[in-house]
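Residues per chain, in single letters:
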Amino acid sequence: MLRHAVVTWIVTNLATWLSFGISCALFFQVQTTGIISYAIGGWVSPWGIEYRVDALNSFILIIVSGIGAIVATFARESVQKEISNDRIYLFYTAFLLCLTGLLGVVITGDAFNIFVFIEIASLSSYALISLGKDKRALVAAYRYLIFGTIGASFILISIGLLYAMTGTLNIIDIQARLPEVIHTSTIKVALAFFTLGVAIKCGLFPMHFWAPAVYTYAPSTVSAFLAGTTSKVFIYVLIRFLFTIFGAEFVFDEMNLDVIFLILGILAIFSGSLAAIFQDNVKRLLAYSSVAQIGYMILGISVVSVTGLTAGILHLFNHALIKTALFAGMAAIIYRLDSASLSDMKGLGKTMPWTMSAFVLAGLSLIGVPSTVGFISKWYLILAVLEQGWWLIAVAILIGSLLAVIYIWKVVEVAYFQNADDGSSKPLNQEAPLSIIIPLWLIIFTNFYFGINASLTSSAARQAAEYLLGVN
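What you are looking at is a predicted structure, and each value in this text was computed from that prediction instead of being measured.

*Asks:* I'd love a proper account of the overall build of the protein, names of residues and values included.
*Replies:* Helices and strands together make up the secondary structure of the protein, namely 19 helices and two strands. For the protein, whose C-alpha radius of gyration is 21 Å, the value lies close to the compact-globule estimate of 23 Å for 472 residues. Expressed as lengths along the three principal axes of its C-alpha atoms, the size of the protein is roughly 75 × 60 × 40 Å. Of the contacts made within the protein by residues no fewer than 6 positions apart, 79% connect residues no fewer than 24 positions apart. On the protein, roughly 17,800 Å² of surface is accessible, and the fraction owed to carbon and sulfur atoms is 67%. Considering the protein, the positive charge centre built from 24 side chains and the negative charge centre built from 23 side chains are found 9 Å apart.

Put into structure tokens, the structure is as follows:
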């Protein structure tokens, strides 16, 4: 019975929405009472494993579990369309396993268990990607496996070096013991391995070559889920290690990683945006767009200020909402067209008005139009660079947004201003099922709600930034 498609979908929804509810409860408890620490089995560090929830990861837990719940809700029709019936129960099993791994990465207070949960999430994501009917999904999954294994190995090497120098795997204990050995070559090597490993896993330019194929050929539901969660979790891991374990002073003042991040962030914004402009497959277009958006997050981190880090964390949250909405829109389009090609979307504004309206609104949020979450993120980022007197960087951010206008406009132009090649008048009842449309519009509503009333998200991001930088 548990292999029945509808039953597994119901179980998945119950699990994901319960996780989202728990994440919300943890977030508001942290806001009220402060850090939550739980030693599993009563074994305290350094012998035991600690679950630790603070201002940063309580915020990330909400977006990861929330995206998981929304994607699971609209998954039923899309999965039945794109995955063979005998594999649907395997899809939902891998989906829950991947979500478990991602949530585990965020909530654990143990460095080695971060690696363990990364592997759980990664292995299940390889399976999710390979379930697509397109044979190129297998190639994309294999390529992701190769790059992902290299990245995870680098992270494991870094954790091993940290353990060798501190004798503990607990993140807070490492933080306390590391100052005694912080200037050794071993710690510098650990930082290098860790940074490179996470850069590969999150798809930071120029180590993003696995990402376009994964987002293009994976089932639509998988693309929406991974785009909204995976890269965000690895940006979280990057922030957690750099600021909590290694420390901002060592990472940025002594090792000058802020300069490297600044350069890579700018290159990611322009290379990703320019590549997106020349894509005909809209899923690939959105994949390159994600490369650019990761650049904005890295750019925020590189500022090394409360405002800059607030911008990076806030964009992590907001971009998850934006990109999930865009890929959910593509799931609805593929459900009807069996294609993600831009040339097949001619006249779609008339035949799928609700879907295309949602896609356009999500695109406006990606660009950063006022009253959307994308505007809030870029506003904070521009404020952060202007605080440093970096006028050229502020101009680069604005130009990056203009490039986003170009590739989003490509879709709008085809859908609203071009007719189908055959010249026929398509019926106006080609919308995707309500089970896809309603969750899609729920994400759109969230994009605009937190764009108009950003007090909760911006204050949570700022509180996390102040906590990481030790600002009272």
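There is more to say after this.
*Asks:* Give me the lowdown on the side chain of S302, citing residues and values where you can.
*Replies:* Mapped onto the elements of the fold, S302 is located in helix 12 (residues 282-303). Ignoring anything within four residues of it in the chain, the contact list for S302 reads D258, F261, L262 and W390.

*Asks:* Explain the packing of helix 2 (residues 55-82) against helix 9 (residues 220-246) to me, and be specific about the residues and the numbers.
*Replies:* Where helix 2 contacts helix 9, the axes come no closer than 7 Å and their chain directions differ by 165 degrees. In terms of orientation, helix 2 and helix 9 fall into the roughly antiparallel class. Crossing handedness for the pair helix 2 and helix 9: left-handed. Only S220, T221, A224, F225, G228, T229, V233, Y236, I239 and R240 of helix 9 make contact with helix 2, whose side of the interface consists of L56, N57, I60, V64, I67, G68, V71, F74, A75, S78, V79 and E82. A breakdown of the residues in the contact of helix 2 with helix 9 according to their chemical character gives 13 nonpolar, seven polar and two charged.

*Asks:* Explain the environment of Y126 to me, and be specific about the residues and the numbers.
*Replies:* Mapped onto the elements of the fold, Y126 is located in helix 4 (residues 111-130). Measuring from C-alpha to C-alpha, the distance between Y126 and F74 comes to 21 Å, with 52 residues separating the pair along the chain. In this view, Y126 contacts A141, Y144, L145, G148, T149 and K201; residues no more than four positions away in its chain are not counted.

*Asks:* Please set out the nonpolar core residue by residue, giving values where relevant.
*Replies:* Judged by nonpolar contacts, the single largest core of 166 residues is most densely connected at F241, L242, F246 and I301. For this core, the element with the most residues is helix 13 (residues 306-337), which contributes 19 residues. Dropping the residues within four chain positions of it, F241 is found in contact with A111, I114, I159, L162, F194, F246 and G247. Counting 15 residues, the second largest nonpolar core, distinct from the first, contains Y296, L299, V385 and A396.

*Asks:* Lay out helix 19 (residues 455-469) with the relevant residues and their values.
*Replies:* Counted at 1.5 Å a residue, the expected span for helix 19 with its 15 residues is 21 Å, and the 21 Å between its end C-alpha atoms agrees. By the burial criterion, the buried members of helix 19 are T457, S458, A460, A461, A464, A465 and L468. One side of helix 19 carries all its buried residues, which in axial view fall inside an arc of 165 degrees. The inward-facing, buried residues of helix 19 contact helix 1 (5-33), helix 2, helix 9, helix 13, helix 16 (373-387) and helix 18 (434-452).

*Asks:* Lay out the packing of helix 12 against helix 16 in plain terms, naming residues and giving numbers.
*Replies:* Look at helix 12 against helix 16: their axes get within 10 Å of each other, and the N-to-C directions meet at 35 degrees. The two elements helix 12 and helix 16 cross, and the hand of that crossing is left-handed. Where helix 12 abuts helix 16, its residues Y296, L299, G300 and V303 lie against K378, L381, A384 and V385. Taken together, the residues of the contact of helix 12 with helix 16 sort by class into six nonpolar, one polar and one charged.

*Asks:* How would you sum up the environment of F243? Please name residues and give values.
*Replies:* With respect to the element layout, F243 can be found in helix 9. Separated by 56 residues in sequence, F243 and L299 have C-alpha atoms that sit 15 Å apart. Excluding its chain neighbours within four sequence positions, the residues that come into contact with F243 are A248, F252, I301, L309, L468 and L469.

*Asks:* Please give an account of the packing of aromatic side chains that cites residues and values.
*Replies:* Under the definition given, this model contains 21 aromatic pairs. With 5.8 Å between their ring centres and 35 degrees between their planes, Y215 and F327 make a pair best called tilted. Of this pair, Y215 sits in helix 8 (residues 211-217) while F327 is found in helix 13, placing the two residues 112 residues apart along the sequence. Plain terms: the ring middles of F445 and Y449 are 6.1 Å apart, the flat faces sit at 25 degrees to each other, and that makes the pair stacked. Highlighted residues: F445 and Y449, both in helix 18, separated by four residues, approximately one helical turn.

*Asks:* Requested: an account of unusual backbone geometry, with residues and values cited.
*Replies:* With an omega dihedral of 5 degrees, the bond running from F205 to P206 counts as a cis peptide bond. With respect to the helices and strands, the residue P206 is situated in the loop between helix 7 (185-202) and helix 8. The residue V304 is not glycine, and still its phi comes out positive at about 55 degrees. Residue S371 is not a glycine yet carries a positive backbone phi of 80 degrees. For S371, a relative accessible area of 30% gives the class partly exposed.

*Asks:* Talk me through helix 16; I want residue IDs and the actual numbers.
*Replies:* A rise of 1.5 Å per residue sets the reference length of helix 16, with its 15 residues, at 21 Å; its end C-alpha atoms lie 22 Å apart and thus fit the reference within 8%. After helix 16 finishes, the residue G389 shows a positive phi value of roughly 80 degrees.

*Asks:* Go over the pattern of salt bridges with me, naming the residues and quoting the values.
*Replies:* A full pass over the atoms with the stated rule returns five salt bridges. Of the charged contacts, one joins E77 and R76 as a salt bridge, the two residues approaching to 3.6 Å between their closest N and O atoms. On the basis of relative accessible area, E77 is assigned to the buried category, the value being 16%. Taking relative accessible area as the criterion, R76 reaches 25% and is therefore assigned partly exposed. D338 is the partner of K81 in a salt bridge, and the nearest nitrogen-oxygen pair spans 3.7 Å. One end of the pair, K81, is in helix 2; the other, D338, is in the loop between helix 13 and helix 14 (348-351), with 257 residues separating them in the sequence.

Conventions and cut-offs
Numbers given for residues are sequential positions, taken from 1 along each chain in its written order. This being a predicted model, a pLDDT of at least 70 is required before a residue's local features are given, and a value of 80 or more before pairs of side-chain atoms are given or counted; all residues contribute to the totals for chains, interfaces and linings. The basis for every side-chain value is the complete set of heavy atoms in the structure, and neither hydrogens nor water enter the calculation. Only DSSP runs of H or I reaching four residues or more are called helices, and only runs of E reaching two or more are called strands; each is numbered from the N terminus. As a reference, a globule follows 2.2 Å times the number of residues to the power 0.38, and the radius of gyration itself is taken over C-alpha atoms. Contacts: residue pairs with any heavy atoms within 4.5 Å of one another. All accessible areas in this document rest on Shrake-Rupley with a 1.4 Å probe, and a residue is counted as covered only by the protein chains that are shown. Asp and Glu are treated as the negative residues and Lys and Arg as the positive ones, with His and the ends of the chain left uncounted. Each charge is placed at NZ for Lys, CZ for Arg, CG for Asp and CD for Glu. Here an angle of 0 to 180 degrees is reported between the N-to-C directions of two axes, which are lines fitted to C-alpha atoms, with helices fitted over the stretch in contact. Note on terminology: angles under 35 degrees are roughly parallel, angles over 145 are roughly antiparallel, angles of 65 to 115 are roughly perpendicular, and the others are oblique. Left-handed describes a crossing in which the near helix is turned anticlockwise from the far one by less than a right angle; the clockwise case is right-handed. Residues are grouped as follows: Ala, Val, Leu, Ile, Met, Phe, Trp, Tyr, Cys and Pro are nonpolar; Asp, Glu, Lys and Arg are charged; every other residue, Gly included, is polar. Within this scheme, the nonpolar core is defined by two criteria: the residues are buried Ala, Val, Leu, Ile, Met, Phe, Trp, Tyr or Cys, and they are joined through side-chain atoms within 4.5 Å. A simple rule labels every residue: compare its accessible area, found with a 1.4 Å probe on the protein chains alone, to the largest value its type can have, and call it buried under 20%, exposed over 50%, or partly exposed in between. Working rule for helices: expected span equals 1.5 Å times residues minus one. Think of the arc as the fan of directions from the helix axis to the C-beta atoms. Pairing of aromatic rings covers Phe, Tyr and Trp, the last through its six-membered ring, and needs centres within 6.5 Å; plane angles under 30 degrees mean stacked, over 60 mean edge-to-face, and all others mean tilted. Think of a salt bridge as a Lys or Arg side-chain nitrogen and an Asp or Glu carboxyl oxygen that are within 4 Å of each other.

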